[in-house]
Amino acid sequence: MKVDALARVEGEGAMYVEIADGAVRDVQLQIYEPPRFFEAFLRGRAYTEPPDITARICGICPVAYQMSSARAIEDACGVTVDGPLRELRRLIYCGEWIESHTLHVAMLHAPDFLGYESAIDMAADHRPAVERSLRLKKAGNDIIDLVGGRAVHPVNVRVGGFYRVPTKRELRPLAETLREARDDAIETVQWVAGFEFPDFEHGHEYVALTHPEEYAVIDGRVQSDRGLDIDERDLLEHIEEEHVAHSTALHAHLLERAEYLVGPLARYSLNSTRLSPIAADAARSAGLGAECRNPFRSIVVRAVEVLHACEEALDIIEAYEPPDRPAVDIQPRAGVGRACTEAPRGLLYHRYELADDGSILDARIIPPTSQNQPTIEHDLWHFVEANLDLDEEALKLRSEQAIRNYDPCISCATHFLDLTVREVDQT
Amino acid sequence: MTSARPSLAVWKFSSCDGCQLTLLDCEDELLDVAGALDIAYFLEASRATVDGPYDLSLVEGSITTPDDVERIREVRRSSRRLVTIGACATSGGIQALRNFADVREFAAIVYAQPEFVVTLDTSTAIADHVPVDFELRGCPIDKFQLLDVISAYLLGREPNVPAHSVCVECKLRGNVCVTVAHGIPCLGPVTHAGCGALCPTYDRGCYGCFGPMESPNTASLTERLRELSMPDDDIVCMFRTFNAYAESFRRAGEDIAGRTSRATVPPYPARPEERHDAQASRESHDEGRRSGARGG
């Protein structure tokens, strides 16, 4: 059986499942998003350009690319950006989490649980929930708009900070929007917590950034629930990437370990004690424990992260004192810089090697979806195997849903979704 | 279900999804748009797909694979009116930087097994392959311009999308000129309006993400940038970002870089057999624009 294009994911891909004698023989998440060769054409460009250029890898999470690239180049130049500039970076990142997660929760994922083809069809019966979600998503975009200039590919982010920083007065109306958004986010957690979730758990190693005081977003150590604990700069040295024929995204594995998972489930499970107070309460009421191992419940975790991001953004705005200068001065120098940040879909690593004039000699980018791709294949294998009694159409729908659990961003990972389930006739 | 509403399809080629996301970012208007149009094909938003023909097709992304070349022809055949959205669809996008280099070399830099990668040597605009009824610019497009293009279609009028430069938008906003006042290099004088002069409003120079305006004087701007002591290599990079392969930006870069450097580009478009098609489509595209004909 065959579905020609997997819908409600960002980018384009295909899933191929082969079943013979009642057993799964092969699963491939095929990514056909045409390659765009960012790492190649970054060579020879100026050190100031990656935030604008790499933003174009993904229209849904451009801020993540801007933050990882800016921080990696600052690392190469021996500069750390902290204080109010770091806070403004966290603020715009909160905006992206709210916008991207709400898009996924309400418009891409919820229709699976409620039995609709799209959020627009869903709106016919659930108009208040869809309107609330659109309001919430808009609040996220309002943050990016104000701090970054526009919601998609913001113009105000640069290496060293920003071109122009907002005044306290400019941020004030945003606080009002966010107080309403916080209420919408609480209701969203309650809404999705009431969905029905298939009984399914996985045992993958969870990898995320951690920070002593924060639910880590912008920086921190890379840790796992099985003892991995490394400097964010050293991620590349701990993974290997493999190029397989069925994907223009590279598959990543942890060295001497196995596939691993990044993203909301991993972040939540490693950092749930650092959630903001209302988000922590909402998580408990929604029935989440200290960790979450059911990928279908990732929709609840995303909703909790949206609530957390609303509270965090409010705290940042309330404590905001404008910095003296919009950006730290950067003098380029020869060297290598590396950084990780938590994109909505998980850990995003950038590495740049600069010449002494600041031109880029080499660039490496590891997006979350290429790290998760082997894990998604693994989950799908087990999920299909456990549900072979379902009829064809139901199995197809459930399998698509199992993929959407990971909100795979195929544009980011370059890296198209169409689902083929092939029953091999052995006779 | 039968519907008297016109049908809308949204297509993706090589792109970042940002322009189609712009439709979903119309939070206040999305449900009204869905009420006025029958969303027949929009994979990013819906599993349900309806077969064509479609009354209005929005096309995001550029043509970079042999399969794309075939697919865009099918999309054109099944679309009464075809509007490209964004810099990728309109000029080839950032991925058109390959057009100035050797794509095999690019593939070898990124992939361990470059032979697995199926790609064309060039990234080209939709109008290089099929006739296009209207091109909406921007990286990303502006949501109010998108809503105007959709409203214009529903009302049977021309889209209200001015083709003047970003400079005019700065004047309208009352911005102080960043080049005159602060010596900041700015592509505003040669760049198509639509963003509302965003970058100068945020104290930086325009980086040309809406592509060339109607009649750009790139030679004059190049001289001004040289007066600001900007090295020629940097000026070439400035023209070669998200609309590098838009004709006037491409020529501006070539004029500076000369024909001897790495910046020497393949004939436009790269493949001789496509040249005839592309020219024909450019011509019919211009005609479509002039007459403002609503497809059908």
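The shown structure was predicted, so the numbers you read here are calculated from the model rather than taken from an experiment.

Draft legend 1. Fine view of the overall build of chain A. Looking only at helices and strands, chain A has 13 helices and 15 strands in total. For chain A, the C-alpha radius of gyration of 21 Å lies close to 22 Å, the compact-globule estimate for 427 residues. Projected onto the principal axes, the alpha-carbon positions of chain A cover approximately 75 × 45 × 35 Å. The buried share of chain A, taken over its 427 residues, is 59%.

Draft legend 2. A look at the overall build of chain B. Counting its secondary structure elements, chain B contains 13 helices and 5 strands. Going through the 296 residues of chain B one by one, you find that 53% of them count as buried.

Draft legend 3. Seen up close, the sheet that holds strand β13 (residues 346–354) of chain A. All names here are of chain A. An order of β12-β13-β14 is seen for the 3 strands of this open sheet, with the pairing classed as antiparallel. On the outer flanks of this sheet lie β12 (335–343) and β14 (360–366), each paired with one strand and no other. Sheet twist, expressed as the mean angle between neighbouring strand axes with direction ignored, is 15 degrees. Sheet strands touched by helix α12 (residues 368–386): β12, β13 and β14. Its angle to β13, the strand with the most contacts, is close to 130 degrees.

Draft legend 4. Region of the structure containing the nonpolar core. One finds Val304(A) and Cys310(A) to be the most contacted residues of the largest nonpolar core, which totals 197 residues. In terms of domain composition, this core takes at least three residues from each of domain 1 (7–161 + 271–291) and domain 2 (166–257) of chain B. Sequence-distant contacts of Cys310(A), that is, excluding residues within four places in its chain, are made with Ile98(A), Leu178(A), Ala181(A), Arg182(A) and Ala185(A). Counting residues in each nonpolar core, the second largest holds 14 residues, with Ala14(A), Ile31(A), Ile376(A) and Phe383(A) among its members.

Draft legend 5. Examining the packing of helix α9 (residues 264–271) of chain A against helix α11 (residues 298–319) of chain A more closely. Residues and elements named next belong to chain A. The contact between α9 and α11 brings their axes to 9 Å, and the two run at 65 degrees. Taken together, the axis directions place α9 and α11 in an arrangement best described as roughly perpendicular. Seen along the crossing, α9 lies across α11 with a hand that is left-handed. In this structure, α9 uses Pro264, Leu265 and Tyr268 to contact α11, whose residues at the interface are Ser298, Val301, Arg302 and Glu305. Of the residues belonging to the contact of α9 with α11, the class tally is 4 nonpolar, 1 polar and 2 charged.

Draft legend 6. Here's a closer look at the interface of chain A and chain B. Listed by partner, the interface residues are 47 residues for chain A and 46 residues for chain B. Looking at the side of chain A that touches chain B, the elements that each hand over two or more residues are α1 (38–41), α2 (50–55), α4 (84–114), α5 (119–123) and α6 (127–148) of chain A. Counting residues per element, the side of chain A that touches chain B draws most heavily on α6(A), at 5 residues. Across the side of chain A that touches chain B, the residue classes break down as 23 nonpolar, 10 polar and 14 charged.

Draft legend 7. A look at helix α13 (residues 392–404) of chain A. For α13(A), built from 13 residues, the straight-helix expectation of 18 Å at 1.5 Å per residue is met to within 8% by its first-to-last C-alpha distance of 18 Å. Residues of α13(A) that are buried include every one of Leu395(A), Lys396(A), Ser399(A), Glu400(A), Ala402(A), Ile403(A) and Arg404(A), and no others.

Draft legend 8. Here's a closer look at the domain arrangement of chain B. Residue and element names in this part refer to chain B. Assigned domains of chain B: these are domain 1 (7–161 + 271–291) and domain 2 (166–257). With 15 residues of domain 1 in contact, the opposing surface of domain 2 contributes 13 residues. Considering each element in turn, the side of domain 1 that touches domain 2 owes the most residues, 3 residues, to helix α4 (residues 87–91). Residue composition of the side of domain 1 that touches domain 2, grouped by class: 6 nonpolar, 7 polar and 2 charged.

Draft legend 9. Layout of the sheet that holds strand β6 (residues 205–210) of chain A. Residue and element names in this part refer to chain A. Strand order in this open sheet of 4 strands is β8-β7-β6-β11, and the pairing throughout is mixed. Across the chains shown, the open sheet's two edge strands, defined by having one partner strand only, are β8 (229–231) and β11 (260–261). Pairing of strand β7 (residues 221–224) with β8 involves 3 bridges; the strand directions are antiparallel. When the sheet's bridge partners are listed, Arg221 is paired in β8 with Asp231. Along the sheet face, α9 touches β6, β7 and β11 and points at about 70 degrees away from the line of β6.

Draft legend 10. Broad picture of the environment of Ala181(B). Within the secondary structure, Ala181(B) is located in helix α8 (residues 178–182). Along the chain, Ala181(B) and Gln113(B) lie 68 residues apart, while their C-alpha atoms are 51 Å from each other.

Draft legend 11. Fine view of the pairing of β13(A). Residue and element names in this part refer to chain A. Buried residues dominate β13, accounting for 8 of its 9 residues. Relative to β13, β12 is paired through 9 bridges, and the arrangement is antiparallel. Bridged to Gly337 within β13 is Tyr352. What sits between β12 and β13 in their antiparallel hairpin is a turn of 2 residues. Hairpin connection between β13 and β14: a loop of 5 residues separates the two successive antiparallel strands, and Gly358 in this loop has a positive phi of roughly 90 degrees.

Each value, and the rule that gives it
Residues numbered from 1 in each chain as written. Chains lettered and ligands numbered in written order. Predicted model: local features only at pLDDT ≥ 70, side-chain atom pairs only at ≥ 80, totals over all residues. Helix = DSSP H or I, 4+ residues; strand = E, 2+ residues; numbered from the N terminus. Rg over C-alpha atoms; globule rule 2.2 N^0.38 Å. Buried ≥ 20, exposed ≤ 12 C-beta atoms within 10 Å, placed from the backbone. Pairing = 2+ DSSP bridges. Axes fitted to C-alpha atoms, helices over the stretch in contact; angles between N-to-C directions. Contact = placed C-beta atoms within 7 Å. Core = buried A, V, L, I, M, F, W, Y, C linked by C-beta atoms within 7 Å. Domains from an automatic or database assignment. Parallel < 35°, antiparallel > 145°, perpendicular 65-115°, else oblique. Left-handed = near helix turned anticlockwise from the far one by under 90°. Nonpolar A, V, L, I, M, F, W, Y, C, P; charged D, E, K, R; others polar. Expected span 1.5 Å × (residues − 1).

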